[in-house]
Amino acid sequence: MKLFYNPRSRASIAKWLLDEFQVAYELVPIDFEKKEHKTPAFLAINPAGKLPALLDEGQKIFETVAIGLYLAEKYPEAGLAPPIGSPERGRFLSLMVFATSQLEPAMGDSLLKVETSVYRGWNDFANCEALIAKEIGEGPYLFGEQFTVADILIGSQFIWKRMFGADTEHPVVRDYVNRLQERPHSVKMG
Ligand SMILES: N[C@@H](CCC(=O)N[C@@H](CS)C(=O)NCC(=O)O)C(=O)O
């Protein structure tokens, strides 16, 4: 398995995913300055020309959420996702997609101090954060005692926000982020 990687990118979330699965993989460094992510060879793997991208036995997977779902499906024995067909599966898939289709753009709006337009498909950051706090509930993770790839996708958004000096003020979310950052493979920047 090859992860196309730059430490200053969302590929660090994919690295956290791979490390939690404890599978063997190779990091393929991508230099943004040299535009290595726009070469025909790389575009054949991720036509969007962005990181992360994963190559596994001829399968090309791009989009961080897709990488999380792919690994969870490939390695069910790792227990990092509710099994297909289980009662928690729908909520799991919803939270996975929510991570980058609502939480991430809402966080971008909040960091850039841009007003969120409801027409664009996501709620504002305060709304998204309150939703996640409710989903965490008693915790410690989104699925109680079971740590899942949804915690990586959702949690890394709040970890990034903290790294940008804009830590969440919600106590439930803050404690959750603290717990996630205690995990040895938790996302690091740079
Ligand atoms: N939704 C995508 C976002 C990917 C993305 O924006 N990656 C950035 C790095 S964090 C990138 O490769 N930017 C370089 C560019 O677009 O030129 C995902 O989650 O995989």
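Model, not experiment: these values are computed from the prediction. Residue positions are given per chain, counted from 1 along the sequence in the order it is written. Reporting in this predicted model follows two pLDDT cut-offs: at least 70 for local features of residues, and 80 or more for side-chain atom pairs to be given and counted; totals over whole chains, interfaces and linings ignore these cut-offs and use all residues. With hydrogens and water stripped out, all remaining heavy atoms of the structure feed into the side-chain values.

A short note on the nonpolar core
Formed by 58 residues in total, the largest nonpolar core has its most connected members in Leu-71 and Ile-154. Here a strand is any run of E in DSSP of at least two residues, a helix any run of H or I of at least four, and the numbering for each starts at the N terminus. Elements with a contribution of two residues or more to this core: strand E1 (2–5), helix H1 (11–21), strand E3 (53–56), helix H3 (64–74), helix H4 (89–112), helix H5 (125–136), helix H6 (149–163) and helix H7 (171–181). Annotation comment: domain bounds sourced from an automatic or database domain assignment. Mapping this core onto the domain boundaries places at least three of its residues in each of domain 1 (2–78) and domain 2 (89–181). Buried Ala, Val, Leu, Ile, Met, Phe, Trp, Tyr and Cys residues form a nonpolar core when they are joined through side-chain atoms within 4.5 Å. Buried means the residue's accessible area, taken with a 1.4 Å probe over protein chains only, is under 20% of the maximum for its type, while exposed means over 50%, and partly exposed covers the values in between.

Quick look at the layout of surface pockets
The volume enclosed by the largest pocket comes to roughly 310 Å³. Within the lining of the largest pocket, the residues separate by chemical class into 5 nonpolar, 6 polar and 5 charged. The definitions used throughout rest on a 1 Å grid laid over the protein atoms alone, on which a cavity is an enclosed set of points accommodating a 1.4 Å probe that cannot get out and a pocket is an open set flanked by protein within 12 Å on both sides along at least five of seven lines; lining residues are those having an atom within 4 Å of a point. If you go around the second largest pocket, the residues you meet are Ser-9, Arg-10, Ile-13, Glu-104, Met-107, Gly-108, Leu-111, Gln-157, Trp-160 and Phe-164. For the lining of the second largest pocket, the elements supplying multiple residues, two or more each, are H4 and H6. A per-element tally of the lining of the second largest pocket places H4 first, with 4 residues. A domain-level breakdown of the lining of the second largest pocket finds at least three residues from each of domain 1 (2–78) and domain 2 (89–181). Grid points are joined across faces, edges and corners, and a volume is the space filled by probe spheres set on the points. Residues are grouped as follows: nonpolar covers Ala, Val, Leu, Ile, Met, Phe, Trp, Tyr, Cys and Pro; charged covers Asp, Glu, Lys and Arg; every other residue, Gly included, is treated as polar.

Things to note about the pattern of salt bridges
Should a side-chain nitrogen of Lys or Arg be within 4 Å of a carboxyl oxygen of Asp or Glu, the pair is scored as a salt bridge. Taken as a whole, this structure holds 8 salt bridges when the rule is applied. Measuring nitrogen to oxygen at the nearest pair gives 2.7 Å for the salt bridge that ties Lys-74 to Asp-56. Residue Lys-74 is located in helix H3, and its partner Asp-56 is located in strand E3; the two are separated by 18 residues in the primary sequence. Bridged by salt links that share partners, the residues Asp-56, Glu-57 and Lys-74 form one connected network.

Here's the deal with the site of the ligand
One heavy atom within 4 Å of a molecule or strand is enough for the residue carrying it to be called near that molecule or strand. Close to the ligand lie Ser-9, Arg-10, Phe-32, His-37, Lys-38, Lys-50, Leu-51, Pro-52, Glu-63 and Thr-64. Between His-37 and the ligand, the recorded distance is 2.9 Å, taken from a side-chain N or O atom to an oxygen atom. The term polar contact refers here to a pair of N or O atoms within 3.5 Å; inside protein, the definition further demands a hydrogen-donor-capable atom paired with an acceptor-capable atom, and it admits residues adjacent in sequence only when both atoms are side-chain atoms. Within the contact set of the ligand, a nitrogen atom lies 2.7 Å away from a side-chain nitrogen or oxygen of Glu-63. A total of 520 Å² of accessible area belongs to the ligand in isolation, and the protein chains cover 77% of it. In terms of residue class, the shell around the ligand is made up of 3 nonpolar, 3 polar and 4 charged. To measure how exposed things are, a 1.4 Å probe is used in the Shrake-Rupley method; for residues, cover is taken only from the protein chains shown.

Interpretation note: all reported values are geometric properties and have no functional meaning in isolation.
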